[in-house]
Amino acid sequence: MEHIKAHLPMVEMGNSYAGQLKNTRFEEVLHNSIEASLRSNSLVPRPVFSQLYLEAEHQLNLEAYKGPSNEEGEEEEEEEEESSSPLVHYRMKTPPEGCCTTDGFCQAGKDLRLVSVSNEHIELPSGFLLVGAKSSDLAEQLLVCAVDKRFLPDDNGRNALLGFSGTCVGCGEKGFRYFTEFSNHINLKLATQPKKQKHLKYYLIKNSQGILTKGPLICWKGTEGKTHQLGSSSISSIPSQPPESPTSSTTVSSAESIAGTNQIAATGIQQAGSPSIQVPSQATPGFSVTHNNREFYKHQNATKANNFTVKTTLRSSLIGTLANSGPPKKRHRGWSPDSPTASETSSIQNNPPAQNSASKTEHVKLTCLTQPSHLGPADSPLKASEESVVVPDNLLNICGIRPVIFKGHGSFPYLCGNLNDVVISPLLQNCYGNIQSLPRVYEQHCTPVTMVASVEMQILLTVYYLVQLVPDQAPLIEDLEHILVRAWQESNLTETKHYQQSVSQLAPYMSSQTLAVTPNQLTWLAKLAASSCKNVVKIIEWTNSLAEGLTETFKLLSEGKLHGKTFVVIICTTKNQSTESCVVVTGKRQAGFLARTMLSPKEHLKEINCELVAGTVGVLEAFFSSLCPDGDPDTLLEKCNLRGNGEDSNFTSPLKKFDDVLAQRPTICSASNKETCQIHPIQLAMARKLLSHLCAIADSGTQNLDLGSFEKVDFLILVPPSEVAYQQTVLRVRQSGILEELGLEAVFVANKCAEHVMKLAVEDQSKFEAFQQNVLNSPYTLFILIHDHAHWDLTSGGTVPQNEPFLGLADRIVNCKEMKDALNVLTLQVTSFPFAFQTQQTCISPYNEIHWPSSWNNGVDLYQENTKYFGLSDFIDSTYSGHRLPLLRYDHSFEAVVTALEERFPTIHSAVIWTYILIQHYSTAMMVTAGYSKMKNYSSVETLEIIQSLINSTRSCSSSHGYMVLLRIPSVSLASLAYERLCQVRYRLGLQYCFEIILGTPNTKITIDQHFLTQLKGWQKKEDPNWEPQTYLDLEDLPCILILSGTDHYGESFPRSAKYYDLRLINSTCLLRTALEQELGLAACYIDPNANGQTGAMNYLSQSDLDKAGSTDDEENVTIEASTVGDLIKENSVKGERSYSYHSASSRSSKASSLISDEDPFLVFGTENSARHSSNVESVNTEVSTLASDLSKLKADNTKQVSILEKHRINSDQINSNNKSTRRMSKSISSDSSSIQTPITGQMLSQCPKIKAASQPPTVFLPKFVYEIITKVDNAGVAKLSSFLPHHSVQWITPFHPSLAKMMTSTEQSLHYRQWTVAKQTHMDFDKTQSRNEVFHPRRLLLNGPPQVGKTGAYLQFLNILSRMLIRLMEVDVYDEEEINLEAKEHSGSLQKENSLWPDLETFSKLKFDYTIHDPSYKDASPIYSRDLSSNKANKKNEDIKPQRHTARIRLSKYAAHNTYHHCEQCHEYMGFNSRCQLYDSTLHAFTFSSSTLREEVQLHFIVPKSKEHNFIFSQLGGQLESMKLPLVTDKNSDYVKSPVFTPTSGHYEHGLFNLYHAMDGANHLHVLVIKEHEMAIYKKYWPNHIMLILPSIFNNSGVGAAHFLIKELSCHNLELERNRQEEFGIKPQDVWPFIIIADDSCVLWYSLNTEIPKNTSSVPCEKAVVEKNVSFKHVLQHIEATTQISHYALCGIRKWSSKVSGLYVAEPFSCCHLHDLLMLNVDLTQNIQYNQNRFTCGDVDFNLRVHSAGLLICRFNCFSVMKKQISIGGHKTFLIKSKVPDVPMSISPSQYICAPDSKHTFLAAPAQLLLEKYLQQTSNNLFPLSVKNHNHPVLSMDCYLNLGQEITVCFVSSRPRSLNINSCGLAFSGILLYLCDSFVTASILKKFHFLKGATLCVICQDRSSLRQTVVRLELEDEWQFRLRDEFQTANSQEDKPLFFLTGRHI
């Protein structure tokens, strides 16, 4: 190596000139050479020194030639070789996580493709130029880059600085200093190491229109520059061909050009790869035609014609010089010094524009044209030794076809000459390229298997595929790709296993050559395969070049030697070169089909319009007129018209005779009209499912939808721009009554419904603008934007052509920023074909997809429907039946005529031919039905069946009800032609009153004749004289032919009277799942399975056969009964195997029709197949006669009819071969029936078509090709239709995608498409690739259901129940109970002033305390004795115990308290869901204080969020919690509540009303939740921004008394701390606010009570009316806090709300009584009074009594009331009394709550205090027998109140000194209750009271020792008698600390 370096001359930095060595790249080149050697198998590696040493280039002093460099051609050839060989791509740097890796986009997701940004304005930094980069994965695209021009070469290819400086034009990122870094950023997928010289190809310039286009080549390494590439900048600009051109993607040159003499003469001289030659142009300026990857446009400076020949003669000498100039500057891997170099050049040729000739059949040769660029990747230029291929003249006229050439492997040669007669397709080449990418897909799945099928194996599999096609079957690239992928997968299965075994065994991995096939084997195997298919596939082997093989193929075509050959496979196996191939399709049917598949629907329509303008229909008319031996049809029609106007004729007499009979029949039909507007159970189920998904969004916790904040619902429905679809939706909205349900329409207004339905048309945009304004103005209204038929327009709003402004409007509405960001807008997209929405860029979450369920499962009606949906699967199932006519058919005879005419007129568009033939068939069928039987041979049996059924249907109904025939013609022009022609024929035949013909176009209204309009008004009972049908549903029962036009279906529904759906003219070349299923979905409907006594939904045959022409009694008997066949079908049919051939559907249709009519049902035009099957005539006659005899026996024996039909199934080919035998068979069966000549004289059916249509599905006629696709399934049972691309707006991400499984659900299909499809650039979701911030839109739903299944009714019902739910969400169930025991208060209001706002202390202190409990929740509580207690209230009945509490439903107001389900913008921060702060950002603090009651230190824990720390005082050193801030008494702030609010809660973490933001009206307040320790985590999860007080763990099983006790203990200690703290600031202790609020967690609303004098105009004075007004919680608290001398009140509270407002509250505004649920507690005054921490029930009554006995004031503000919400879970209901023994079910009675001490009683798992309270409440009647219903002798209760049941009265007495007690003088008690009595209870106190003899004593203590000590201390044995058996304990174990009590009797 050192020796080599010593001999290398040194060069300066900069570009390397010719002859100089680039030693700076030595290591890199050496590395590349070694890498190439390792990759190469048999080729000679590239020499290192030949790459480094660049010899001087030969300068050619040719004035005429300044062409592109050889480097470009060589690099393109190298890329071509690399793309066709299985090389491993250059391993690029792994992109960052989340970056875009899509080809053509930068890592930021911005589009860089030239076709996308050509119209955009790009800002360039100073000194930068736009250049185009080429990627191996985007052969047809250029990526736009901005590069500093200092690093680009000059015009001579020199003076370029080393290095790189670039900017991304997509995202604008700058500063890329290395091309490798830049290539990674723009996702430039490369096969080799990134080099700017190799991948920056073209300058980009703007043309005269300002569009950025591809300019000249960048001249690297000394070749001629861009200034010599093209004549001028105007020449360099390459205008793109308009996309509307219908021929731009099919034929190589659809335009026909007239070339001058010089150009034609020069064709033979000019060779492919020659330099650019300037040819005089005759084109108009600005006109361009694209041919074979070359742009032809007019040059401004064209050279003279005589220079053309001279310059082209220099080609041979030029090539010779280049070929012998030594080693190339950049050799291929296989180059050796003795191998010649091939110089490849590019040429730009100019030809005159195409001119259409008058005859449309003459074609003028074009010179040296290549394929259109958009048909496939650009071809590599030809080698110098190769020759171009000349397409022969008159090829189309000679062979009658326009061959389709599929490019395959290798370099495709240039084509010259008559390029109009060939079609070039890149589909096969792309298919092979996709197969090459499979290893990369495997690498993505972490399986490093890189072996691919060899070129030879791919060609061989292609031949195998072509061989197995049936004669009339056209090849599909999808099928071939599936075969190649499957073969690759199967071959790599063994490879993968071998690799995995080698990895597991740590052995070296050696790749096998399973798919290796040599070129010699390929040719032999291909010919062997072709020989087995009757030479349908011909193999042409050539060893020199592919061009010679194509030349030979054209020669054979011109000589007619390929007649009968369908495919020609050309294989070129050149030594030392890769195998090349191409496929030429020469079959007429196959070539025509493939040519049509390359046209888009718009191009189809444009070609059709052009041909109609050119008068091609006249050619067909002349041809048909000349063929008709019975006379010209038009002449016959004219004669018919003349006779109908006055002359007598047998031609129309049958019709007149029938009309006379019809006129004498009654006009009343027995068929009743069914209700059209009804909600089916399955629609209601779907509506509920939609609502469930909506609630799931609201409950997701993402704050994307707050249902609780909405008050009502509004909506707007978007429909396609179809007048019928628009009126149909408006009608359904009106019929549903949804506007009245939503409150949007109080009184019926005709135009109100139309305001909620918008056509996606420009003229209707004002409706959306109004909707958008309502969204902004009504934040409390939930708006539903419904995009119905959503799959119709998925066009992105930014890619809309100017001639179609309505496209993209849906995107501009649904995806506009205002709609997407509005929190009160929900978007519902409704479709029958959701595939286009299920891509990787979709905005809809898979969880937000709602799929329509199947209403039947295993024959069971899941939703109890009266009707059954009959959809596509049911139609397909009907084809599996071998005993009846399938509902899905194709017309074999019609297709035969089409094929013959397409061969006769190959230049006429197939759609024109198909439509014209069908018009002829309909016309002749009407003539035959009218009586002209000679014309029957010029129509098919299927068409005859349709017309005869249409006309005869009106004869079977007294009201002339009839059938509808829907004729689908996508082209509006052809539909108009058919309409005019059929109307003309109908008029001339005099049938204008038999049936109507309607032309249905998207943008027009329905127009019908006045005669039929009168009929419709009578049937539908329309009295409006101006009424007209607005929808197709209005045409119910009208006999008519509806010609439905338009490229797409717009979602219109059709009446059930539609019996035939003629889809024979649909575009069968548009192989998309959505397109095909949409056409077939037209016929979907609901049928009545039980109509007319039938039991099955599939029983359709017998009745449909009766509708056909010429039905008689004999034929009705011959016809198989539906019920019998239905039973036999279930037993004998096998769905997996269809019992007829691919055309037997038409055969059975013809057979059945022949049984009905005695005329030939088959078309004898051209007498096709008669010669071929002449030998089978006799056998057919024999079989037919046998069948006739068997059928005659069916009348007597119906049990054998199925087997007979199965036995005598006739082959359709044999029937078609002999029409006479079929005719004889028909006559023998029904000799007495009417013939087709007189069909209307047959027996009239008595059943109305309306009744039949309700139970019979319609019949659908399809093109044969579509029929085969629909009904075909693979070996796995998967329908072929499911393998097609789902929608034209999406594409597969890779051909390596799995197929849909047979039993996939809709959800599984959605996930499949979401994984394997992406949106195209024109798709509305395509922009999501550029901004992936939001994965799915949170408020977007997708409703998917089959066509015509009832989706509109479902979402209208969804709006209804959604509105009801919102109203329900705004309502709560509150307790509505009137206060009890009000009679005791009748004398207590005399001292107060009415309507006083605040109590007067002096006056209020004089009020007597009301001992009576008035709260209705205490109905079962013991009455409290007082002198005012009445006996009727004390003595309650047992049946009043625990009555059902009455509730009322109240709508929430803006001042309501909410639970955790409420989320609105106002309270997001209050709830802690603000995105700016961290969720659960809170701190746990300990707070310790000494409790005098517990006589120990208590440690509580606070959870304080960061946002609430300002309410507390923390130490400066350790941050310890010191106290909770308290305000001052003198503080006055209207936006502040001074009293801290404590809410004890348990089990209500979801339903507790802790959101007080709205209740406090946004005022600042301190709210503390008091919870148990074991519930801390769940409460913290749901309420992250609330302060929480955690009780010690010892209180986990305690009741609410423990929470109240600790709240008060904490508040007392905190008050003392705050007084000490604020005293340091000079504040007096009494000035610190001493009140706290203790509120229940179910308080929801607050009301104030006022009196108003109603306005009265009379002189009589009016009484004051009591009015309740909803107020905020803040208002109530601030009002109470403003009370004068508030510190003198111990307790303040409000009453419980009741709907029955009593005037007593107004007369007595304040009461001194018990307070419950919500009270304001004066901590200072009640320091010595504590809550009982052990209590579960009645703790508030006990506390009220002890406060009053202490002489403190208790004030209730009667002017305020609080509503309590009914919460059915949590709270005290969580305490369940059950056995402590696990898994022992037992019912526990209250008597089992206690037991004798030391007994073997079953212990209970419940707190001892709860058992005691429950026991005393429910069994005290036995404990205190003398006290039952004896209120005059109550039970004495010392220092406590316990509920002893409602029949026992309790007298509360306090033992504290100076306490206020009831005067007990003269009162004898019936018992005494001593509950945990303390030292204040003494024997002397007890001796003051008097007891009845036999009164009961009950002493309760903590343990047995205390119990005995209490008895001794109180000297109870002196007056009370005790027994050992009277000692009890609660049924607790010792570890649960039971309570003990002793009972005794008074002596």
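For the structure, check the block above.
The rules behind each value
- Residues numbered from 1 in each chain as written.
- Predicted model: local features only at pLDDT ≥ 70, side-chain atom pairs only at ≥ 80, totals over all residues.
- Heavy atoms only, no water.
- Helix = DSSP H or I, 4+ residues; strand = E, 2+ residues; numbered from the N terminus.
- Buried < 20%, exposed > 50% of the residue type's maximum accessible area, 1.4 Å probe, protein only.
- Contact = heavy atoms within 4.5 Å.
- Areas by Shrake-Rupley, 256 points an atom, 1.4 Å probe, with all protein chains shown as cover.
- Phe/Tyr/Trp six-rings, centres within 6.5 Å; stacked < 30°, edge-to-face > 60°.
- Axes fitted to C-alpha atoms, helices over the stretch in contact; angles between N-to-C directions.
- Parallel < 35°, antiparallel > 145°, perpendicular 65-115°, else oblique.
- Left-handed = near helix turned anticlockwise from the far one by under 90°.
- Nonpolar A, V, L, I, M, F, W, Y, C, P; charged D, E, K, R; others polar.
- Pairing = 2+ DSSP bridges.
- Salt bridge = Lys/Arg side-chain N within 4 Å of Asp/Glu carboxyl O.
- Core = buried A, V, L, I, M, F, W, Y, C linked by side-chain atoms within 4.5 Å.
- Polar contact = N/O pair within 3.5 Å; in protein donor to acceptor, adjacent residues only side chain to side chain.
- Arc of directions from axis to C-beta.

Draft legend 1. Structural context of the overall build of the chain. Counting its regular elements, the chain contains 59 helices and 56 strands. Across the 1947 residues that make up the chain, the buried fraction comes to 57%. Partitioning the contacts of the chain with sequence separation of at least 6, the portion at a separation of at least 24 is 76%. Accessible surface, the chain as shown: approximately 83500 Å² in total, 51% of it carbon and sulfur.

Draft legend 2. Highlighting the packing of aromatic side chains. Using the criterion set out here, one finds 39 aromatic pairs in the structure. Ring geometry for W1633 against F1635: centres 5.2 Å apart, planes inclined by 45 degrees, an arrangement best described as tilted. Just as W1633 is buried, F1635 falls in that class too. Each member of the aromatic cluster is reached from another via a ring pair, and the members are F1487, F1489, F1502, F1512 and F1514.

Draft legend 3. Looking closely at the packing of helix α31 (residues 892-904) against helix α32 (residues 910-930). In contact at an axis separation of 10 Å, α31 and α32 are set at 135 degrees when each is read in the N-to-C sense. Classified by the angle their axes make, α31 and α32 are oblique. Helix-helix and strand crossings are classified by hand; for α31 and α32 the assignment is right-handed. The segment α31 lies against α32, with F894, E895, V897, V898, L901 and E902 engaging S910, I913, W914, I917, L918 and H921. Of the residues that constitute the contact of α31 with α32, the class distribution is eight nonpolar, two polar and two charged.

Draft legend 4. Structural detail: the pairing of strand β25 (residues 964-968). Counting buried residues along β25, five of its five residues qualify, which places the element largely inside the surrounding structure. Where burial is concerned, the two faces of β25 agree: the one with M964, L966 and R968 and the one with V965 and L967 are both buried. Pairing geometry for β25 and strand β27 (residues 1040-1044), over five bridges, is parallel. The residue of β27 that forms the bridge with L967 is I1043. With four bridges connecting them, β25 and strand β28 (residues 1058-1062) associate as parallel partners. Looking across to β28, one finds that L966 is bridged to Y1061.

Draft legend 5. Quick look at the pattern of salt bridges. One pass over the full model with this rule turns up 45 salt bridges. One salt bridge connects R1449 with D1373, and the closest N-O pair in it is separated by 3.4 Å. Placement of R1449 in strand β35 (residues 1447-1451) and of D1373 in strand β34 (residues 1371-1375) is noted, with a sequence separation of 76 residues between them. Residues R1746 and D1742 are paired through a salt bridge, measuring 2.9 Å at the closest nitrogen-oxygen approach. Of this pair, R1746 and D1742 are both found in helix α56 (residues 1739-1749), four residues apart, which corresponds to roughly one turn of the helix. Salt bridges here are not isolated pairs; linked through shared partners, they connect D1415, D1640, K1696, D1717 and K1764.

Draft legend 6. Main features of the sheet that holds strand β26 (residues 996-1000). In spatial order, the strands read β24-β30-β28-β25-β27-β26; together these six strands make up an open sheet with parallel pairing. Among the strands making up the open sheet, the edge pair consists of β24 (888-890) and β26. Sheet twist, expressed as the mean angle between neighbouring strand axes with direction ignored, is 20 degrees. Relative to strand β30 (residues 1259-1262), β24 is paired through three bridges, and the arrangement is parallel. Paired with R889 across the strands is F1261, a residue of β30.

Draft legend 7. Examining the nonpolar core more closely. Within the largest apolar cluster, 165 residues are counted, with the highest numbers of intra-cluster contacts made by F1502, W1646, I1694, F1757, Y1841, L1874 and L1916. Discounting chain neighbours no more than four positions away, the residues touching L1916 are L1874, L1886, L1897, V1899, T1910, V1911 and F1922. In this structure, L522, I539, L594 and F1265 belong to the second largest nonpolar core, which totals 86 residues.

Draft legend 8. Inspection of the sheet that holds strand β16 (residues 712-719) at higher detail. Read across the sheet, six strands follow the order β17-β16-β18-β19-β33-β20 without closing on themselves; strand pairing throughout is parallel. With one partner strand each, in any of the chains shown, β17 (757-759) and β20 (849-851) form the two edges of the open sheet. Strand after strand, the sheet turns through a mean of 20 degrees between neighbouring axes, direction not considered. Examined bridge by bridge, β20 and strand β33 (residues 1340-1344) share three bridges and lie parallel to one another. By the bridge assignment for β33, I850 is matched with L1343. Along the sheet, helix α27 (residues 765-777) makes contact with β16, β17, β18 (781-787) and β19 (825-831), crossing β18 at roughly 150 degrees.

Draft legend 9. Layout of the pairing of strand β37 (residues 1496-1505). With ten bridges joining them, strand β36 (residues 1482-1491) and β37 adopt antiparallel strand pairing. Its bridge partner lying in β37, F1489 is registered against V1498. Relative to strand β42 (residues 1587-1590), β37 is paired through three bridges, and the arrangement is antiparallel. Among the inter-strand pairings, I1503 is bridged to a residue of β42, identified as M1588.

Draft legend 10. Quick peek at the environment of S722. Of note, S722 is situated in the loop between β16 and α25 (723-736). You can call S722 buried: its relative accessible area is 0%. Linking S722 and A761, residues 39 residues apart in sequence, is a C-alpha distance of 9.2 Å. With sequence-adjacent residues up to four places away left out, S722 is seen in contact with K759, P1002, Y1050 and E1052. Polar side-chain contacts of S722 include one of 3.3 Å to the backbone nitrogen of A725.

Draft legend 11. A look at helix α59 (residues 1904-1913). By the burial criterion, the buried members of α59 are L1907, T1910 and V1911. One side of α59 holds all its buried residues, which, seen down the axis, span an arc of 100 degrees. Exposed residues pointing more than 90 degrees away from the buried face of α59 are listed as Q1909 and V1912. For α59, the secondary structure elements touched by its buried residues are β54 (1890-1901), β55 (1920-1930) and β56 (1940-1946).

Draft legend 12. Molecular detail of unusual backbone geometry. Despite not being glycine, N187 shows a phi value in the positive range, around 55 degrees. One non-glycine residue with positive phi stands out, namely H789, at about 50 degrees. Summarising the element assignment, H789 is placed in the loop between β18 and α28 (809-814).

Keep in mind these numbers describe shape, not what the thing actually does.
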